[in-house]
Amino acid sequence: MGPPELFDRFARHILLECGGLRVVEGIEQMRADGLKVTGDSLAEFLSSQGFRVTVHNTAVNTLRMWLAEAGLFPTGRARAWDVNPGAKRRLLRLDDEQIAMLAGLTPAQVAFVEGLCALDPKGWVPANEVRDWAEACRGVTIGRGSLPKEVLIALRDAGLIEYRTKGTGGGPAIPTRKARPWRRLRYS
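### What about the packing of aromatic side chains?
Applying the stated criterion to the full structure yields 3 aromatic pairs. Relative to Trp66, the ring of Phe7 lies with its centre 6.4 Å away and its plane at 50°, an arrangement referred to as tilted. One end of the pair, Phe7, is in helix α1 (residues 3-17); the other, Trp66, is in helix α4 (residues 59-69), with 59 residues separating them in the sequence. For Phe7, a relative accessible area of 25% corresponds to the partly exposed category.

Here it is in structure tokens:
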């Protein structure tokens, strides 16, 4: 694996595991509101939104520079806070609509979607298999008796999955060919 792949993987880690996506969305919101983006103004904006960032430190700028290595921001100082939407889609493998959809989900629901994508089954799959993956790989706990109520109904209502139940004997199952958007929600 060469530097471009390493930078992409590290950028994806920063975005998904270290709050980087909140920073990028903060920049985009500030731009949409006509506000000037600097390291300090961004830290103030994010803190006012409940994402605490110390003003006048190097953390936000360091994050931007690492993400610039993957093409999300320019590498020079000119227009340093301009987000490259193509790089954002490439790194996250999601568009803004899908990101917004996932932002409203609970950690258990997101873990379930990740599990379904990781398993990538070719037909209907028992929901408990996906739940077991989510619990083992993402460290969430999903109640045994409340899977539909806690996870499946919300994901169905969001248009991410379809499911059917065989009653008390078979439990819910998720189709893999009919489910629409989840096929695009791939993580690696």
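So that's the structure; there's more coming.
### Overview of the layout of surface pockets
With a probe scaled to a water molecule rolled over the atoms, the places where space remains empty come into view. Empty space within the second largest pocket amounts to approximately 230 Å³. Lining the second largest pocket, in full, are Lys36, Val37, Thr38, Gly39, Asn61, Arg64, Met65, Thr75, Gly76, Arg77, Ala80 and Trp81. Top element by residues in the lining of the second largest pocket is α4. It accounts for 3 residues. For the lining of the second largest pocket, the per-class residue count stands at 4 nonpolar, 5 polar and 3 charged.

### Points about unusual backbone geometry
Phi at His56 is positive, roughly 65°, even though this residue is not glycine. Examined against the element boundaries, His56 turns out to sit in the loop between α3 (39-48) and α4. The phi dihedral of Arg79 is positive, around 55°, even though this residue is not glycine. One can find Arg79 in the loop between α4 and α5 (85-92). The class for Arg79 is exposed, based on a relative accessible area of 61%.

### Here we look at the packing of α1 against α5
For the pair α1 and α5, the least separation of the axes is 9 Å and the interaxial angle reads 90°. In terms of axis orientation, α1 runs roughly perpendicular to α5. Of the residues in α5, those in contact with Asp8, Ala11, Arg12, Leu15 and Leu16 of α1 are Arg90, Leu91 and Leu92. Grouping the constituent residues of the contact of α1 with α5 by class yields 5 nonpolar, no polar and 3 charged.

### Quick look at the confidence of the model for the protein
Considering every residue of the protein, the mean pLDDT works out to 83; 87% of them sit at 70 or more. In this model, residues 176-188 is a region of pLDDT below 50 whose contacts with residues beyond four sequence positions or in other chains number 47 contacts.

### Examining the side chain of Ser41
Summarising the element assignment, Ser41 is placed in helix α3. For Ser41, the side chain forms a polar contact with the main-chain oxygen of Lys36, separated by 2.9 Å. Not counting the four nearest positions on each side in its chain, Ser41 is found in contact with Met30 and Lys36.

### Examining the nonpolar core
In this structure, Leu42, Leu67 and Leu72 are the most contacted members of the largest nonpolar core, which totals 50 residues. A per-element tally of this core places helix α7 (residues 107-119) first, with 6 residues. Leaving out residues up to four positions away in the same chain, Leu42 has contacts with Val23, Gly26, Ile27, Met30, Val37, Val60 and Trp81.

### Regarding α4
Listed as buried for α4 are Val60, Leu63, Arg64, Leu67 and Ala68. For α4, the arc enclosing every buried residue in end-on projection is 140°, short of the 170-degree limit, so these residues lie on one face. In this structure, the buried residues of α4 make contact with α1, α2 (20-32) and α3.

### Quick word on the pattern of salt bridges
In total, this model carries 9 salt bridges according to the counting rule given. When the shortest N-O distance is used, the salt bridge between Arg131 and Asp132 registers 3.1 Å. Judged by its relative accessible area of 8%, Arg131 is buried. Overall, the relative accessible area of 36% leaves Asp132 in the partly exposed class. Asp157 is the partner of Arg156 in a salt bridge, and the nearest nitrogen-oxygen pair spans 3.3 Å.

Procedures and definitions
- All chains use their own residue numbering, which begins from 1 and follows the written sequence.
- Only residues with pLDDT of at least 70 get local features here, since the model is predicted, and only at 80 or more are side-chain atom pairs given and counted; chain-wide, interface and lining totals rely on the full set of residues.
- With hydrogens and water stripped out, all remaining heavy atoms of the structure feed into the side-chain values.
- Under the pairing criterion, centres of Phe, Tyr and Trp rings, with the six-membered ring standing for Trp, must be within 6.5 Å; the plane angle then separates stacked pairs below 30 degrees from edge-to-face pairs above 60, leaving the rest tilted.
- In DSSP terms, a helix is any run of H or I states spanning at least four residues, a strand is any run of E spanning at least two, and both are numbered starting from the N terminus.
- Burial classes follow relative accessibility: with a 1.4 Å probe on protein chains only, a residue under 20% of its type's maximum area counts as buried, one over 50% as exposed, and anything between as partly exposed.
- A pocket, in this scheme, is an open set of points on a 1 Å grid over the protein atoms alone with protein on both sides within 12 Å along at least 5 of 7 lines, while a cavity is a set where a 1.4 Å probe fits but cannot get out; residues line either one if an atom lies within 4 Å of a point.
- Grid points are joined across faces, edges and corners, and a volume is the space filled by probe spheres set on the points.
- Just so you know the grouping, Ala, Val, Leu, Ile, Met, Phe, Trp, Tyr, Cys and Pro go in nonpolar, Asp, Glu, Lys and Arg go in charged, and all remaining residues, Gly too, go in polar.
- Between N-to-C directions, angles span 0 to 180 degrees; the directions come from axes that are lines fitted to C-alpha atoms, helices contributing only their stretch in contact.
- Between 65 and 115 degrees an angle is taken as roughly perpendicular, under 35 as roughly parallel, over 145 as roughly antiparallel, and anywhere else as oblique.
- Should any heavy atoms of two residues lie within 4.5 Å, those residues are considered in contact.
- pLDDT gives the predictor's per-residue confidence on a scale running from 0 to 100.
- In protein, a polar contact requires one atom able to donate a hydrogen and another able to accept it; more generally it is a pair of N or O atoms within 3.5 Å, and residues adjacent in sequence count only if both atoms are side-chain atoms.
- Definition of nonpolar core: a set of buried residues of the types Ala, Val, Leu, Ile, Met, Phe, Trp, Tyr and Cys, connected through side-chain atoms within 4.5 Å.
- In this context, the arc is that of the directions from the helix axis out to the C-beta atoms.
- In the sections that follow, a salt bridge refers to a side-chain nitrogen of Lys or Arg positioned within 4 Å of a carboxyl oxygen of Asp or Glu.

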